[in-house]
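Coordinate analysis (summary)
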Amino acid sequence: GKSDNMKDALSAGATHIFALLTRLRQVCCDVALLPWRRKEPPSSGKTEVFLNKMIEIVPSGRKVLVFSQFTSYLTLLRKTLKI
């Protein structure tokens, strides 16, 4: 869409620039959050570090609270962990 392309977003105005910035913030979490990449497996350094930390923490029986500005990222993590 118009908000997914830098050139189009700049010509369309501030609202589209903010939508594009949101996409950039999402891709910093994981590229699988982008609408055109949703069917692909999770792929990001952030997700890999999270999963490695979970491998360390879960066997200890300790509880983990995970925050993200994107509920879609939490859903992706939940699916990846198969919870």
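Residues numbered from 1 in each chain as written. Predicted model: local features only at pLDDT ≥ 70, side-chain atom pairs only at ≥ 80, totals over all residues. Heavy atoms only, no water.

1. Describing helix α4 (residues 71-81)
For the record, the criterion: Burial status follows relative accessibility: with a 1.4 Å probe on protein chains alone, a residue under 20% of its type maximum counts as buried, one over 50% as exposed, and anything between as partly exposed. Numbering of helices and strands starts at the N terminus; helices are DSSP runs of H or I of at least 4 residues and strands are runs of E of at least 2. Picture the helix axis, draw a direction to every C-beta atom, and the arc is the one those directions span.
Where α4 is concerned, the buried positions are Y73, L76 and L77. Here the buried residues of α4 occupy an arc of 100° about the axis, which is enough to place them on one side. In α4, the exposed positions that point more than 90 degrees away from the buried face belong to T71 and K79. In the segment just after α4, K82 is the residue with positive phi, at about 60°.

2. Details of a nonpolar patch on the surface
This is how the line gets drawn: For patches, a residue must show more than 30% relative accessible area and have no salt bridge; joins then use 9 Å for like charges and 5 Å for nonpolar side chains, namely Val, Leu, Ile, Met, Phe, Trp and Tyr. Here the Shrake-Rupley method, with its probe set to 1.4 Å, supplies the accessible areas, and only the displayed protein chains count as covering residues. Basic side-chain nitrogens of Lys or Arg form a salt bridge, by our definition, when they fall within 4 Å of a carboxyl oxygen of Asp or Glu.
On the surface, I17, F18, L21 and L24 cluster together into a nonpolar patch covering about 360 Å² of accessible area. Here F18 shows up in helix α2 (residues 14-29). Looking at F18, the relative accessible area reads 56%, which means it is exposed.

3. Examining the side chain of S44
Our working definition: Polar contact criterion, stated in full: a pair of N or O atoms within 3.5 Å, where within protein one must be able to donate a hydrogen and the other to accept it, and residues adjacent in sequence count only if both atoms are side-chain atoms. It only takes one pair of heavy atoms within 4.5 Å for two residues to be counted as in contact.
For S44, the position within the fold is in the loop between α2 and α3 (45-57). Using a relative accessible area of 13% as the deciding quantity, one classes S44 as buried. Here the side chain of S44 touches T47 through a polar contact of 2.9 Å, landing on its backbone nitrogen. Look past the residues within four positions of S44 in its chain and what remains in contact with it is C29, D30 and Y73.

4. As for the environment of T22
Its location among the elements puts T22 in helix α2. The partly exposed category is assigned to T22, whose relative accessible area is 30%.

5. Concerning the nonpolar core
The criterion, for reference: Grouping buried Ala, Val, Leu, Ile, Met, Phe, Trp, Tyr and Cys residues that are joined through side-chain atoms within 4.5 Å yields what is termed a nonpolar core.
Counting residues in each nonpolar core, the largest one holds nine residues, listed as C29, A32, L33, F50, M54, F70, Y73, L76 and L77. For this core, the elements supplying multiple residues, two or more each, are α3 and α4. By residue number, the principal contributor to this core is α4, which donates three residues. In contact with Y73, not counting residues within four places along its chain, are C29, D30, L33, S44, K46, T47 and S68.

6. Observations concerning the packing of α3 against α4
For clarity, the cut-off: Interaxial angles span 0 to 180 degrees and are taken between N-to-C directions of axes, which are lines fitted to C-alpha atoms, for helices over the stretch in contact. Any angle that falls under 35 degrees is termed roughly parallel, while one over 145 is termed roughly antiparallel, one within 65 to 115 roughly perpendicular, and all others oblique. Each helix crossing is assigned a hand: it is left-handed if the near helix lies turned anticlockwise from the far helix by less than a right angle, otherwise right-handed if that turn is clockwise. Charged means Asp, Glu, Lys or Arg here, nonpolar means Ala, Val, Leu, Ile, Met, Phe, Trp, Tyr, Cys or Pro, and polar covers whatever is left, Gly included.
Running from N to C, α3 and α4 point in directions that differ by 50°, and their axes come no closer than 12 Å. Relative to α4, the element α3 is oriented oblique. Regarding α3 and α4, the two cross each other, and that crossing is right-handed. Facing α3, whose interface residues are K46, T47, F50, L51 and M54, α4 presents Y73, L77, T80 and L81. Of the residues belonging to the contact of α3 with α4, the class tally is six nonpolar, two polar and one charged.

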